Structure formats: structure tokens, C-alpha cells
Amino acid sequence: EHIAGFNVLTGMDELLLPIELDPPLHSRYRSALAPFFSPAAVAKLVPAMHQGVNRVIDQILPLGKCDVVPHGYKMMAGVWCELMGAPYEKADTYIRFLFEMIHQYDPMVRLNCAREMLAAMKDLYNDNKGNPGKGLVPEFINSKIDGREPSEAECAGLILFMFLAGMDTMGSTASWILRHLALDAGMRRELIVQPAKIRPFVEEVFRRYAIVSTNRFVKKDVEVGGVTLKAGDNVLLSTPIACMDPSKFQRAEELNPARTERHMAFGAGAHFCIGAGIARAQLPIMVEEWLKRIPDFAIEEGAEISAHVGDVIALDSLPLVWARSVP
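Here the structure is a predicted model, which means the values were calculated and not measured.

(A) Spotlight on the packing of aromatic side chains. Summed over all chains, the structure comprises 8 aromatic pairs. Here the aromatic rings of Y73 and F99 are separated by 5.0 Å at their centres, their planes lie at 65°, and the arrangement is edge-to-face. With Y73 in helix α4 (residues 69–84) and F99 in helix α5 (residues 91–102), this pair connects stretches of sequence that are 26 residues apart. In this structure F99 comes out as partly exposed when scored by relative accessible area, which is 26%. Between W290 and W322 the ring centres are 5.9 Å apart and the planes differ by 80°, which places this aromatic pair in the edge-to-face class.

What follows is the structure, encoded as C-alpha cells:
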């Protein structure tokens, strides 16, 4: 079930903004958000990125082992809350929303989560309406697009999308990064000795472990691979498959930080991920800080690692072990 089913479950008929809009309306919303994702804005978030990662490492380092999947999301939560203007003390609740809505398939759990998410979005809306503050959410709620303020439903569509496109995608990718490094001691050593290689490594992770499939609406009837898609059909486009295209990437299954081909992990065209700059800053910082403090780690012996698919391809768990230390 696609996350758009959230609308059916809650009675909210607004699209996810701006991803489910087309130009020119899409461009108007994107322009309103763009200042929060500019290089200068991302640079101001760098301290929050370091703090968010180290805050989590401080907690888990003395344990010597843990399932890092939920902690991957928590490492991303600090910068997400800073960017959104959302309270960090509610980060665990936001992460639970992501797990219950996207990363499991019980419809009743999703229904109850959808109701909670809608209530949380309304709280954010009511707390910030008429009270412009720091962050994307309060700014957007009190902005004007085409001469009018966005409705409560439009704000809910934006906030929901920012949950999915921000904290969730980076949190899921963090787990894939740590899984790869746990299995590749040579790459760990190389990145520790040559930190300048961390960024190209992460860029190749975006391709090799592309995780997002995004929905679009068919504009006119078209036949693809013998299947007729009708105008108005909602289709899921898989960037993971595009990023593994053997006609574009030689030995696509291999992670090769020296690749120069452009990947599709962030999409393309008008819908190119507006938050790509944040992901390209935050995840290398996560790798840098993790390797400084936990340079040697491995998957716990006997652990069976599984993943699930859907809108986001994510690990179910990742139990890692390392030498106990103090923060």
C-alpha cells in the first residue's frame, strides 16, 4: 500500500507537497521552500549535524553492541528538527510514526498511526499559525503562495512529506552505510586514513543502496512493456532499479566510490530532491564521526539481516558489536 493511502485512512484529501504536484504549481511551492535548502542554509546546519550524531554515539558507545537501525534515525533527527522548527524532545515519537506507517504492514497499526500523525501535524499547525518562528514549518504555515496562506490540509501534506523525505530516507541510508562498512574492513581503514574519500564513498552509497520509489500520476494513456497505463493512474517509479541499470553502470552491484556516472537516487528534473544537499552533508558527517569513535565494528555473530521494500527499502535490524568504550 502506498503512503498516499494515508489520505484514505484519515480523510485528509491533500496531496503530499510539493512532490505530488506538477509545474507550474509545483514550482511555486518549491520556490517557497528553496531558501531552507540553499548551500548557505545547509552550512548553518552543520553544527546540528555533528551534535545529532555524537549525541546518539554518546548513548550507545558504552554498550558495546546494539541494533543500530532505530539509532540511525535518531542520528538524523537533530538536524531534521532544527531545519523544520520541530521540537527535538518529540523526535522519538516522530521516528515511531515512520516505523508504524512505512516500515511495517499491519493495516490497523497504520490506521492508528495515521490518526496520531494527523493529530501531531495539527498540533504543529496550531502551535505555529500566526506565530512565525525559526524553521521551515512555521515559515511555511505563515507564508503566502499566490497571494494566499496555505490551508491546514496543505500544511499537513507538506509536514507529512517532510517526515518521509527527510528523516526517514536519511535514517534508512545511515543503516545501509553502517552495514556496508561492518562487512568491509578495508573500506573502513581507507576512510579512516583518508577522510577525503568519505564523500565519494557516500555518494556511491546513494547509488548502490538507493532506497526510494516515488509515486507519480500518468498524464495520458501510454503503453509500457505491454501494459497500458491510463491517465490518472498512480504509478511507483523505482530509483533503486534505475541506479542498478547495467547499461549505465558497469558492474552495478559493486560499490565503487571512483564512479563518475550520474545516478538517479535523488531523482531528476523538476522533482530532483530539494534536500539532496542536506543528505550529502549529513551522511558524510555521520560516517566521519562514527569512524572516529567506533573504528572497528562487525555484525553480531549469528544475526540474520533482512530488509523490507515499498516506498523505502530499509533494513529491519542491524545488530552491531564493537569494543566497549566510554563516550
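(B) Up close: the pairing of strand β9 (residues 319–322). Pairing of strand β1 (residues 65–67) with β9 involves 3 bridges; the strand directions are antiparallel. By the bridge assignment for β9, C66 is matched with L320.

(C) Inspection of the sheet that holds strand β6 (residues 297–299) at higher detail. Reading across the sheet, the 3 strands line up as β1-β9-β6 and stay open at both edges, with antiparallel pairing between neighbours. Two strands bound the open sheet, and with one partner strand each, they are β1 and β6. Averaged over all neighbouring strand pairs, the angle between strand axes comes to 25°, with direction disregarded. Here β6 runs beside β9; their pairing, made up of 3 bridges, is antiparallel. Directly across from I299, in β9, lies its bridge partner L320. Of the strands in this sheet, β6 and β9 touch helix α8 (residues 152–183), which is tilted by about 100° from β6.

(D) Quick look at α4. The end-to-end C-alpha distance of α4 is 22 Å, a good match for the 22 Å that 16 residues give at a rise of 1.5 Å each. The largest bend along α4 reaches roughly 35° and is located at A77. Where burial is concerned, most of α4 is hidden: 13 out of the 16 residues are buried. Just downstream of α4 lies G85, where phi reads positive at about 80°.

(E) Spatial organisation of the pattern of salt bridges. Scanning all chains against the criterion turns up 17 salt bridges. Among the ionic pairs, R251 bridges to E254, the shortest N-O distance being 3.3 Å. Residue R251 is classed as partly exposed on the basis of its relative accessible area of 49%. What emerges from the salt-bridge pattern is a single network uniting R96, E100 and E116.

(F) Here's a closer look at the nonpolar core. Membership of the largest hydrophobic core comes to 97 residues, with the highest contact counts inside it found for M286, W290 and F297. Take this core: its biggest share by element is 17 residues, from α8. Those residues in contact with F297 that lie beyond four places of it in its chain are L178, L181, A182, R188, W290, L291, L320, V321 and W322.

(G) Here's a closer look at the confidence of the model for the chain. Overall, the prediction assigns the chain a mean pLDDT of 89, with 94% of residues at 70 or greater. Note that residues 1–13 has pLDDT below 50 and, in this model, 34 contacts with residues that lie over four places away or in other chains.

(H) Highlighting helix α10 (residues 198–208). Of the residues making up α10, those classed as buried are I198, F201, V202, E204, V205, F206 and R207. Next to the buried residues of α10 lie α8, α9 (185–193) and α12 (276–293).

Parameters and conventions
- Residues numbered from 1 in each chain as written.
- Predicted model: local features only at pLDDT ≥ 70, side-chain atom pairs only at ≥ 80, totals over all residues.
- Heavy atoms only, no water.
- Phe/Tyr/Trp six-rings, centres within 6.5 Å; stacked < 30°, edge-to-face > 60°.
- Helix = DSSP H or I, 4+ residues; strand = E, 2+ residues; numbered from the N terminus.
- Buried < 20%, exposed > 50% of the residue type's maximum accessible area, 1.4 Å probe, protein only.
- Pairing = 2+ DSSP bridges.
- Axes fitted to C-alpha atoms, helices over the stretch in contact; angles between N-to-C directions.
- Contact = heavy atoms within 4.5 Å.
- Expected span 1.5 Å × (residues − 1).
- Bend = angle between axes of the 7 residues up to and from the residue.
- Salt bridge = Lys/Arg side-chain N within 4 Å of Asp/Glu carboxyl O.
- Core = buried A, V, L, I, M, F, W, Y, C linked by side-chain atoms within 4.5 Å.
- pLDDT = per-residue confidence, 0-100.

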